[in-house]
Amino acid sequence: MNALDQLRNFTTIVSDTGEIEEIKKYKPTDSTTNPSLILAASSKADYQHLILEAIAWGKKQASDPRAALDAIMEKLFVNFGLEILKIVPGRVSTEVDARLSFDYEASLLKARHLVSLYEKAGIQRERVLIKLASTWEGMRAAAELEKEGIHCNMTLMFSLAQAIGCAQVGATLISPFVGRILEWFRKSEGRDYEPKEDPGVLSVVEIYNYYKKMGVKTQIMAASFRNVGEILELAGCDLITIAPKFLAELQNLEATVVRKLSPESAKQASVGKIVLDEKTFRWMMCNNPMATQKLDEGIVNFSKDIIKLEQLIQGMM
């Protein structure tokens, strides 16, 4: 078997793209989207019908231009999700506007509305993961949403503190980022890293060992890769979301894939339980400049792509 097929023996494969044809090609179980991926896909002719349908629908929802644009954006994200769910047997992740990352109440309203749009289209909420930034406010929102049966995928995660906070609120899934951590350390330390010593890989290993040692039910989906070596070092993680170019590389790779992470090995890890309140969380983040900077940077960049997507929509209205 090629490396991708072997990896499926240990890990659930998730596609990290908004492009429908790429998802069809690699047959993942789940698929994730974010504003940057939707922006990239929206510029292609194959997806113009999804935009036009969202515009027509959104214009009927509100006469105020700002309110109409908000409705269009929500419907657009859901339209992509609906197309993806025609292909994958599992779940799709749809992201709450990154500009709401520090707004608890607005995040709740946006998440509920996205789920309601899926349900009106005949999709049960069990097949939808609402993506929230792993901020304190995002975690508070996840706590309430999970009580309502709305499942959350906590994104923009760069630290154990964020992972523990998300576990405490009962989030369904977390998406610890790998490649963005590597980039930070490359710049900070002025050196490169082999996959087994990659700081992003080690961050996911730390989170995995903590979760499995403590019996946490929240699923771990490693994300944001810069090379195939990072992916193979995390073989055995609950889920891994992979961009099409790396799915292709893995599919063409003839190599033996060895399981690196397992609940059994995690039980042997030397870790102690940490209980987080808001003060402890903020202090741990304060002491982790990488996580703080990458979280802020991720929120800002996703927000910029949302604005670009809004401008694209306004030009078509």
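Residues numbered from 1 in each chain as written. Predicted model: local features only at pLDDT ≥ 70, side-chain atom pairs only at ≥ 80, totals over all residues. Heavy atoms only, no water.

A. Structural detail: the overall build of the protein chain. The helix and strand inventory of the protein chain stands at 15 helices and 8 strands. Relative to the globule expectation of 20 Å for 317 residues, the C-alpha radius of gyration of the protein chain, 19 Å, shows essentially globular dimensions. With the C-alpha coordinates aligned to their principal axes, the bounding extent of the protein chain is approximately 60 × 50 × 40 Å. Here the protein chain holds 317 residues, and the buried ones make up 55% of them. Nonlocal contacts in the protein chain, meaning residues at least 24 apart in sequence, comprise 67% of its contacts between residues at least 6 apart. (Helix = DSSP H or I, 4+ residues; strand = E, 2+ residues; numbered from the N terminus. Rg over C-alpha atoms; globule rule 2.2 N^0.38 Å. Buried < 20%, exposed > 50% of the residue type's maximum accessible area, 1.4 Å probe, protein only. Contact = heavy atoms within 4.5 Å.)

B. Region of the structure containing the pattern of salt bridges. If you walk through the whole model with that rule in mind, you get 24 salt bridges. The partner of R112 in a salt bridge is E148, with the nearest N and O atoms 2.6 Å apart. Of this pair, R112 sits in helix α6 (residues 104-120) while E148 sits in the loop between α7 (136-147) and β5 (151-157), and the two are 36 residues apart along the sequence. With relative accessibility at 33%, the residue R112 sits in the partly exposed group. (Salt bridge = Lys/Arg side-chain N within 4 Å of Asp/Glu carboxyl O.)

C. Structural view of the sheet that holds strand β4 (residues 128-133). Within the closed barrel, the 8 strands sit side by side as β1-β2-β3-β4-β5-β6-β7-β8. Their pairing is parallel. Averaged over all pairs of adjacent strands, the angle between their axes in this sheet comes to 30°, without regard to strand direction. With 3 bridges joining them, β5 and strand β6 (residues 173-176) adopt parallel strand pairing. Across the sheet, the residue bridging to M154 is I174, located in β6. Its contacts with the sheet place α7 against β4 and β5, and it is angled at close to 165° to β5. Contacts between helix α8 (residues 160-168) and the sheet are confined to β5 and β6, with β5 contributing the most and set at about 170° to the helix. (Pairing = 2+ DSSP bridges. Axes fitted to C-alpha atoms, helices over the stretch in contact; angles between N-to-C directions.)

D. Spatial organisation of the layout of surface pockets. For the largest pocket, the calculated volume is near 530 Å³. Residue lining of the largest pocket: 32 residues in total, with D16, N34, R180, S224 and R226 positioned closest to the centre. Broken down by secondary-structure element, the contributors of at least two residues to the lining of the largest pocket are α3 (35-42), β5, α9 (179-189), β8 (239-242), α12 (244-251) and α15 (289-316). Classifying every residue of the lining of the largest pocket by side-chain character gives 12 nonpolar, 11 polar and 9 charged. A volume near 150 Å³ is recorded for the second largest pocket. If you go around the second largest pocket, you meet 13 residues; those closest to its centre are M73, E74, D97, K110 and I306. Looking at the lining of the second largest pocket, the elements that each hand over two or more residues are α5 (65-85), α6 and α15. If one sorts the elements of the lining of the second largest pocket by residue count, α5 sits on top with 5 residues. Grouping the amino acids of the lining of the second largest pocket by side-chain chemistry returns 5 nonpolar, no polar and 8 charged. (1 Å grid on protein atoms, 1.4 Å probe; cavity = no way out; pocket = protein on both sides within 12 Å on 5 of 7 lines; lining within 4 Å. Points joined across faces, edges and corners; volume = space filled by probe spheres on them. Nonpolar A, V, L, I, M, F, W, Y, C, P; charged D, E, K, R; others polar.)

E. Broad picture of the packing of aromatic side chains. By the definition in use, this model includes 4 aromatic pairs. Note on Y47 and F80: the rings are 5.7 Å apart at their centroids and 45° apart in plane angle, and the pair reads as tilted. Linking Y47 in the loop between α3 and α4 (48-61) with F80 in helix α5, this pair joins segments that are 33 residues apart in sequence. With respect to class, Y47 is no different from F80; both count as buried. On the numbers, 5.6 Å between centres and 40° between planes, the contact of W136 with F281 is tilted. Within this pair, whereas W136 is found in helix α7, its partner F281 is found in helix α14 (residues 278-286), the two being separated by 145 residues in sequence. A relative accessible area of 17% means that W136 is categorised as buried. (Phe/Tyr/Trp six-rings, centres within 6.5 Å; stacked < 30°, edge-to-face > 60°.)

F. Inspection of α12 at higher detail. Of all the residues in α12, the buried ones are P244, F246, L247 and L250. For α12, the angular spread of buried residues about the axis comes to 165°, placing them on one side. Taken together, the buried residues of α12 touch α1 (3-7), β1 (12-16), α2 (20-26), α11 (228-233) and β8. (Arc of directions from axis to C-beta.)

G. Molecular detail of the pairing of β1. Along β1, 4 of the 5 residues are buried, which leaves the element largely enclosed by surrounding structure. Pairing analysis gives 4 bridges linking β1 to β8, with the strands arranged parallel. Opposite I13, over in β8, you have I240 as the bridge partner. In this structure, β1 lies alongside strand β2 (residues 30-32), joined through 3 bridges in parallel fashion. By the bridge assignment, S15 is partnered in β2 with S31. Crossover handedness for the path β1 to α2 to β2: right-handed. (Right-handed = clockwise from strand over helix to strand, strands pointing away.)

H. Structural context of the environment of M139. Along the chain, M139 turns up in helix α7. Along the chain, M139 and Q162 lie 23 residues apart, while their C-alpha atoms are 8.7 Å from each other. Apart from residues no more than four positions distant in its own chain, M139 is found in contact with M154, Q162, G165, C166, V169 and F281.

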